[in-house]
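# Chains, contacts and geometry: an overview
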Amino acid sequence: MAERYTSEAIELPNAGPGAISRADLVFYGVDHSSSSFCARIFLDKPDADATTPIDDPSYAGSFSIFGHGGCFGGPGHCDVKERDEPFDLRPPHQLTPATRTVIVTDHIKRLLVEGSSDTFTVTVVAVVPGDESNDVLTLRHVRLLSYV
Amino acid sequence: MASIGVGAGAGAVVGTAIESPAVNVRQRHSARRLTAGQLGDLRRAIAAAQALPDPDERGYQHFAGIHGLPLPAYCTHDSPLFLPWHRAYLYFFERALQDLVPGVMVPWWDWTANVAAAEAIPAAYGDERDPDGQPNPLAASPIQPGGQRPGGPAETARAPRLADAPPLPSSEWIDEILDLGDFLDFSEQLEQVHGGVHVWTGGTMRDIANAAYDPIFWAHHAMVDRVWRLWQLGHPQASPPATLLARPLAPFPMTVADTLDVSLLGYDYAGSTAGAPMRPA
């Protein structure tokens, strides 16, 4: 678990801003086994943290995780096991990591208009409202999907 | 989406495309615009359900426990079944309430309403007491012993409006989501909106294991269901993928296909914002 995550450099679309009809940041492998939280997304702001205001120009949106808040079963109850055996018709484990999509079309267009770089970074900052720890963030990778 | 807004303010255009395709379809209403009679029925139904003992499958504790604790937790999140499962959940809960108070309907909590922060939770759910001075059964609920976290509370609580909580969704944001043309895309975006409201409400609502014990959970999910209904009206040709339609929605004896037409489930969403004041003069 971590409080924040910054991606490696991601390539911007090889298209003009007018050609982009939609752009999504897709976050894969997001853990939702612990506390509920809001994940704030900042572009090209690797030093962003929970104190960075959401009216900062680098803020691109957020996603929320409605968390399970811990395990209440016996040993192994919350261990996520792949169910890829062909006759296993059970649904996926409830704690199978989630995917989140944040629509960032205008923000990607802005980066394209600015044209200062061919790449950008994504920083995700977890915020648990109240006094609880923000150390709740686990995700596998982020991908930019753009549509023309 | 100009004809299918989600605003609840006076004069807002809401659901003009809603038709009445079946006899005896009942209307769910905004929690902010319940008549005194509707609100009284709702409070009586919830109180009666809360008064049933824990193992009674007609009772509030039974239904709240289906979502999380006690195990097994049946709730479906981070899944394309999110909307159908919660529609079935609301349907069976509402039917159980109607066995106790005929005609009662679960209202929706319009979190997009442009109201002062202190009024973001409708008074029907926020007031600690009803007009007769009795405890408001919509403000909190007991949590059965088997549903409590180890060392956790025995009653629901809320902690809304914390400074670092995500803001409640705006009607503009919902309108953008309503414009999405693909069910899976729409469902994922609406589920994110839903999660943010759970986080905003705080307390019990922020906890999957216990969220459904808070009476406002049901109004929150009625709003989610309503937004799905509005999306269906705006995209009559769109549907969940065919591979999902026969999927069961355990523990309910329904499939995804069974949930798609709310008129066949006997309810719809009020197409007018007209109504009597919620508070007696």
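Here's a quick rundown of the structure. (Residues numbered from 1 in each chain as written. Chains lettered and ligands numbered in written order. Predicted model: local features only at pLDDT ≥ 70, side-chain atom pairs only at ≥ 80, totals over all residues.)

This paragraph deals with the overall build of chain A. Tallying secondary structure elements over chain A gives 1 helix and 9 strands in all. In sequence order, chain A lays out its α and β elements as β-β-β-β-β-β-α-β-β-β. With the C-alpha coordinates aligned to their principal axes, the bounding extent of chain A is approximately 55 × 45 × 20 Å. For chain A, buried positions account for 32% of its 148 residues. A separation threshold of at least 6 residues defines the contact pool for chain A, and within that pool the share at least 24 residues apart is 81%. (Helix = DSSP H or I, 4+ residues; strand = E, 2+ residues; numbered from the N terminus. Buried ≥ 20, exposed ≤ 12 C-beta atoms within 10 Å, placed from the backbone. Contact = placed C-beta atoms within 7 Å.)

This next bit is on the overall build of chain B. Assigned secondary structure in chain B consists of 7 helices and 4 strands. Starting at the N terminus and walking to the C terminus, you meet the elements of chain B as β-α-α-α-α-α-α-α-β-β-β. Considering chain B as a whole, with its 281 residues, one finds that 47% of them fall into the buried category. Of the contacts formed within chain B by residues at least 6 apart in sequence, a portion of 74% connects residues at least 24 apart.

Moving on, we come to the pairing of strand β3 (residues 252-255) of chain B. Residues and elements named next belong to chain B. Here strand β2 (residues 248-249) pairs with β3 via 2 bridges, running antiparallel. Paired with leucine 249 across the bridge in β3 is phenylalanine 252. Two successive antiparallel strands, β2 and β3, enclose a turn made up of 2 residues. (Pairing = 2+ DSSP bridges.)

Here we take up helix α1 (residues 105-114) of chain A. All names here are of chain A. Within α1, burial applies to His107, Ile108, Leu111 and Leu112. Buried residues of α1 fall within an arc of 140° about the axis and therefore sit on the same side. Of the residues in α1, the exposed ones pointing more than 90 degrees away from the buried face are Asp106, Val113 and Glu114. Of the surrounding elements, those touching the buried residues of α1 are β3 (22-30), β4 (37-43), β5 (59-65), β7 (119-120) and β9 (141-147). Of the residues one or two after α1, glycine 115 is the one with positive phi, at around 65°. (Arc of directions from axis to C-beta.)

Let us look at the nonpolar core. If you look at the biggest cluster of nonpolar residues, it comprises 99 residues, and the most contacted ones within it are A:Phe37, A:Ala39 and B:Ala219. It is helix α7 (residues 216-234) of chain B that contributes the most residues to this core, 11 residues altogether. If sequence neighbours within four positions are ignored, A:Phe37 has contacts with A:Ile65, A:Gly67, A:Ala126, A:Val127, A:Val128, A:Val136 and B:Val199. (Core = buried A, V, L, I, M, F, W, Y, C linked by C-beta atoms within 7 Å.)

Here we come to the interface of chain A and chain B. Residue-level contacts link 21 residues of chain A with 21 residues of chain B. Contributing elements (two or more residues each) for the side of chain A that touches chain B: β4, β5 and β6 (98-103) of chain A. No other element matches the 4 residues that β5(A) contributes to the side of chain A that touches chain B. Of the residues assigned to the side of chain A that touches chain B, the class counts are 9 nonpolar, 11 polar and 1 charged. (Nonpolar A, V, L, I, M, F, W, Y, C, P; charged D, E, K, R; others polar.)

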